[in-house]
Each structure stands twice: as C-alpha cells, then as structure tokens.
Amino acid sequence: MNNINILWFKKDLRIEDNQALYESLKDNDILPIYIFELEVWNQKTHSRRQWEFCKESVLDLRNALSEKGQPLIIRTGNVIKIFEEISSKFEIKGIFSHQETGDWLTYKRDQKVKYWALNKKIIWKEYLQFSVFRGNFNRDNWSKKWKKNFDRELIKEPIKINPIDFDIGEIPEEKIFFFKKDECPGRLKGGRKKGLERMEYFFNKKLNSYSKDISSPEKSFDSCSRLSPYISWGCISLKEILYKANLYPNNNSRMLKSRLTWHCHFIQKLESEPELEFQEFHPYFKNIKTKNTELLFLWSQGNTGFPFIDACMRSLNFNGWINFRMRAMLMSFASYNLWLPWQDSGSELANKFLDYEPGIHWNQCQMQSGTTSINTNRIYNPIKQGKDHDPKGEFIKKWVPELKYLAENFIHEPWLLSKFNFKEYEKLDYIKPIVDIPKTTREAREKILEITKKNGYWDISKKIYLKHGSRKRTAINRRPKKSNYKTKKETQYELNLGI
Ligand SMILES: Cc1cc2nc3c(=O)[nH]c(=O)nc-3n(C[C@H](O)[C@H](O)[C@H](O)COP(=O)(O)OP(=O)(O)OC[C@H]3O[C@@H](n4cnc5c(N)ncnc54)[C@H](O)[C@@H]3O)c2cc1C
C-alpha cells in the first residue's frame, strides 16, 4: 500500500496561506479531502444558503487543487467511516488539518476522530488558523499572543501536488439534506476568487468610507468589507486580510484590524467553554424566557409591525448579511421586547447568516440578550435606531413595500397616523405592532435588575469575567478615582460592569 497523508479541509477552503497543506506535503503524497457531514448540515443553525456558498467554495478549491495536479476529493457522510475507507487503500501516515473552532457537534466529532487516530497509531497534526487556543486557556496577555501568532510571512501555495489513484467523488445532491425552502438571491457567491474580488473592491474603493457608513443598513451593505463569509469558510485567511490592511496605514484600516482581533477574541470564549452554545454565561439567567413560536415566526419573517425591524429582517432574509448594529438590534428586540429565549432567536439568525461563525454568533447573541453579566446591557429602541440610521425611511420603503406611500413623518411609527386619519391607517396593509415597546422594555429591565440582586450573583459574575473578560489596556487605564479594588483585574472587572 502507498503511504499518504490525509489533508482534511474543514473551514479553510483555500490553498494559499494554508499551513496544514504546506506541512502535509513535506514527507508524503497527499489525499486532499472535504467531507460533507449530514449531522452537521442538518442542524437548525445551518441552511441552504450556507450550503450553496460552501458548495461554490469547495468547487473553487477543487479547481485550484486540480491545477496543481490532484483535484479535491469529495465525500459525504461520517468522517471516521470515510477515513476507514481510505485506510483500506492507503497507509495513512498522518492527518493534517487546521484546528476547527466550530460548534459543539464538530468539537465532539473531533474528539472521536482523535480517539480513532490514536487507536490506529496515526498522528493528527492540527495547525492554528486563527489566534484561538485550545483547552483551559488563560486570557492574560491575549492580545500579545494574538499578534505573535499572526507575526509571520504569508505561506505560499504549493507548486505541484502529485496525483493519486482514488475516486474524486462529487458534491452530494441537495435533497439529502433537510433544508427549509430558502431563496437568498442577494447573497455573495462563494469561493476564493469571489472573496479576493470583494477584498480588492473594499480596499480600493470603500475603505475610506468604512467607519462613516458602518452603522447605516443601506450604506454599510456596500461600504463594510463583507468579508465575513469568506473568513468563516476560510476562502481567505485572516492573515491575508491583515497583510492587506497593513498596506493602508489609516484609521479605517486600524478599525478593521481591531475587528479582526474581536473575531478571535469571541471565538476564544466558545473554544474555552463550548457549552456557551446552549448555556447562559451566568446561570441565574437560565430558563427565564418564554418560548413562543408565533412571535418567533413573525419576527423571523419581518412581520412585527415595527418598520425598521421588519426592513432589517427582510433585507437579511434576502441578502444573508446585515451590519453589526442591525444584528444587535434584531437580537435585542427578540430577547427583551419579545422575551424569547436567545437559543431560539439565535438559531433563526444563524441560519440566515451566510457568515455563521459559532464562536462569534453565540457570544453576541448572549451579549445582546443580557445573559453574560460582564457586558453593559443595551436594549435598542428600534424606532430611535430607525430615525438615526434611516431618517427619511428610504431603507424601510425599499424592504417594506406596504409602507411605500406613507408620509415620511409616519414612516417610523405608522400607528401615529391613526390619531390624524384613522381611515387611512386602517387601510394600510401592514401588520399592527405585536408588542408595546416602552412597556416591554421597562418590564425586561426590571426583570434583569431583579436577577442581579439575587444572592451570589456578582460573585459568579466575577468568575465569569476572570475567565472570559477582555483585558483591554484602555479599560485598565480608566481606573475610577476611589477604587476599592485590589488587583488590576478586579478594577477592570468593575469598570466593565459599569459600577
Ligand atoms: C447577534 C449577532 C450575531 C453575529 N453573528 C456573527 C456570525 O455568525 N459570524 C460573523 O462573522 N459575525 C457575526 N457577528 C458580528 C458582526 O456583525 C459581523 O462580523 C459583521 O457584521 C460582518 O460584516 P463584515 O465582514 O462587513 O464586517 P467588517 O466590519 O468589515 O469587519 C471585518 C471582520 O471582522 C470581524 N468582526 C467584525 N465585527 C465583529 C464583531 N462585532 N465581533 C466579532 N468579529 C467581528 C468579522 O470577521 C468581519 O468579517 C454577529 C453580531 C451580532 C450582534
């Protein structure tokens, strides 16, 4: 039997700046493989739009590898069974991959693969794709560790890959997955080529307006980098984007770079505590919400009766992307005003996002739902957000055609029309508000406050902070004048809580 190394592509669908590929080629021929796992794709966080994006990226990767001599091998099913199939034909000398920073299921799968490889005496070498570290990781000096990991040259693509004799397989048919009907006509197309085009466009044409337009749902659609799905699927490496950003030394590229550190900062939390995908950071927030499939459905369809919320949701449904502020507002509305469990609304959002990245996503969902206890809680007022970021209601009119002819002064609060012209208001073919914003906001605030008064709340919160909290220098420097707190960490902890 021939010796080979398996090069297992996961969410690193590129041949450039790919350390696992580089290392795998050092001593043996390689079998480059991507595996579609039904169990992974049938989770409710996954969707047809992501599958289409992934499929395009996998095909692009197959072409890139073919040009080097050996096309990508594609299989569908259970990873261990597929590795067994390979081991009946080849002597597997090693498995090479990037360390996956994924969800609970892939984390558990990796443990099984590790055990299998150990039994077979096969070495599995995993390389860091991001600055995210396995195990019980100490956050002190995290930013130094982050920088050190990216302080290296870009890794070049291989010149040649020897062909091997093995059926290359095909992309599975869509019908084997349980996807909901999901058209997403406005989404970005997958693959490295498309990602690079987007990156060039952003740096050449949009970088200058990045910070100015980042919060506007309409303008950010063009002016944000929109690189997130390409980062999530690994079509472009984080290092490549950092490298590019360094060529433009200005405030906008610095802002982008700080977001790239957040990327890893958030993923690190889930990596250190994978249960955060299901469990609240702070246990006192467990089971406080009420499941409600009807409200969840209305929110998810963009039919809440709040024009700005509905416009954002419908735009997200169509495009598979919306900017940070609008994501936060949608989540806040579901969590506070509709009082829905973050796990339910979070899953709905995850499968709408082309860039679903579990580490960022579940942390953000919990942050915007007030369950971390270490971040300042923010309840967004969707009417104010609309007035601030879409003052003329143009974005609303684009996505909520029911309000197309409504006068500008009623566009954010159509119900006000009823006071002036009840007949006209009744004629509007638009759903009436499904909740009372001031009342639900007040109630949510009171309920959260009550929880923070419970015995032991702050002691637990402190532990959470020490494990997951940001060690940002600026926060440490902003010491309060009358500080009772003994250590730097404690001072910063209190500052983060705003007390
Ligand atoms: C409830 C909620 C859920 C989210 N879920 C995801 C998700 O599943 N996947 C995802 O990539 N981002 C998520 N974000 C973070 C953020 O909204 C997106 O990263 C960003 O909007 C992507 O657009 P962009 O690539 O144009 O970002 P840019 O502003 O151009 O930033 C460049 C990159 O930096 C990273 N980044 C930017 N903002 C953040 C942030 N706040 N936290 C962590 N990393 C950041 C992303 O990798 C992004 O691609 C979520 C935010 C919220 C509030």
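It should be emphasised that the depicted structure is a prediction, and the values quoted were computed from it without experimental measurement.

About the cut-offs
Residues numbered from 1 in each chain as written. Predicted model: local features only at pLDDT ≥ 70, side-chain atom pairs only at ≥ 80, totals over all residues. Heavy atoms only, no water. Near = heavy atom within 4 Å. Polar contact = N/O pair within 3.5 Å; in protein donor to acceptor, adjacent residues only side chain to side chain. Areas by Shrake-Rupley, 256 points an atom, 1.4 Å probe, with all protein chains shown as cover. Helix = DSSP H or I, 4+ residues; strand = E, 2+ residues; numbered from the N terminus. Nonpolar A, V, L, I, M, F, W, Y, C, P; charged D, E, K, R; others polar. pLDDT = per-residue confidence, 0-100. Contact = heavy atoms within 4.5 Å. Phe/Tyr/Trp six-rings, centres within 6.5 Å; stacked < 30°, edge-to-face > 60°. Buried < 20%, exposed > 50% of the residue type's maximum accessible area, 1.4 Å probe, protein only. Lys NZ or Arg CZ within 6 Å of the ring centre and 35° of its normal. Core = buried A, V, L, I, M, F, W, Y, C linked by side-chain atoms within 4.5 Å.

Draft legend 1. A look at the site of the ligand. The environment of the ligand is formed by 25 residues, the closest being Tyr-210, Ser-225, Arg-226, Trp-321 and Asp-355. A distance of 3.0 Å is found between an oxygen atom of the ligand and a side-chain nitrogen or oxygen belonging to Trp-321. Glu-357 has a polar backbone atom sitting 3.0 Å from an oxygen atom of the ligand. Against a free-state accessible area of 820 Å², the protein chains account for coverage of 98% of the ligand. Those elements giving two or more residues to the shell around the ligand turn out to be helix H10 (228-232), helix H12 (251-272), helix H15 (324-337) and helix H17 (358-367). Of all the elements, H12 adds the most residues to the shell around the ligand, at six residues. Among the residues making up the shell around the ligand, the classes are represented as 15 nonpolar, five polar and five charged.

Draft legend 2. Up close: the confidence of the model for the protein chain. Confidence in the prediction for the protein chain averages 92 pLDDT; 94% of positions are at 70 or higher. For residues 473-499, every residue scores under 50 in pLDDT, and the model assigns this stretch 36 contacts once sequence neighbours within four places are set aside.

Draft legend 3. Focus on the packing of aromatic side chains. This structure, assessed with the given rule, holds 31 aromatic pairs. Seen in terms of ring centroids, Trp-8 and Phe-83 are 5.3 Å apart; in terms of plane orientation they differ by 85 degrees. Their pairing is edge-to-face. A residue pair is termed long-range when its members are at least 10 positions apart, and Trp-8 in strand E1 (residues 2-9) and Phe-83 in helix H4 (residues 79-87) qualify at 75 residues. Here Trp-8 and Phe-83 have matching classes, each one buried. The rings of Tyr-34, Phe-36, Trp-41, Trp-51, Phe-177, Phe-179 and Trp-233 are connected pair by pair, giving a single aromatic cluster. Across from the ring centre of Phe-221, 4.1 Å away, lies the NZ or CZ of Arg-226, which sits over that ring.

Draft legend 4. Structural context of the nonpolar core. With 56 residues, the main nonpolar core has Tyr-34, Phe-36, Trp-41, Val-58 and Ile-241 as its most contacted residues. Ranked by residue count, the leading element in this core is helix H3 (residues 48-68), at six residues. In contact with Val-58, other than residues within four places in its own chain, are Leu-13, Tyr-34, Phe-36, Leu-72, Ile-74 and Ile-171.

Draft legend 5. Up close: helix H13 (residues 293-301). Along H13, the residues that are buried comprise Leu-295, Leu-296, Leu-298, Trp-299 and Ser-300. Against helix H14 (307-319), H15 and helix H16 (342-352) lie the buried residues of H13. Two or three places before Glu-294, at the opening of H13, Asn-292 has a side-chain oxygen 3.1 Å from that residue's backbone nitrogen. Within two residues after H13, Gly-302 carries a phi angle of roughly 80 degrees, on the positive side.

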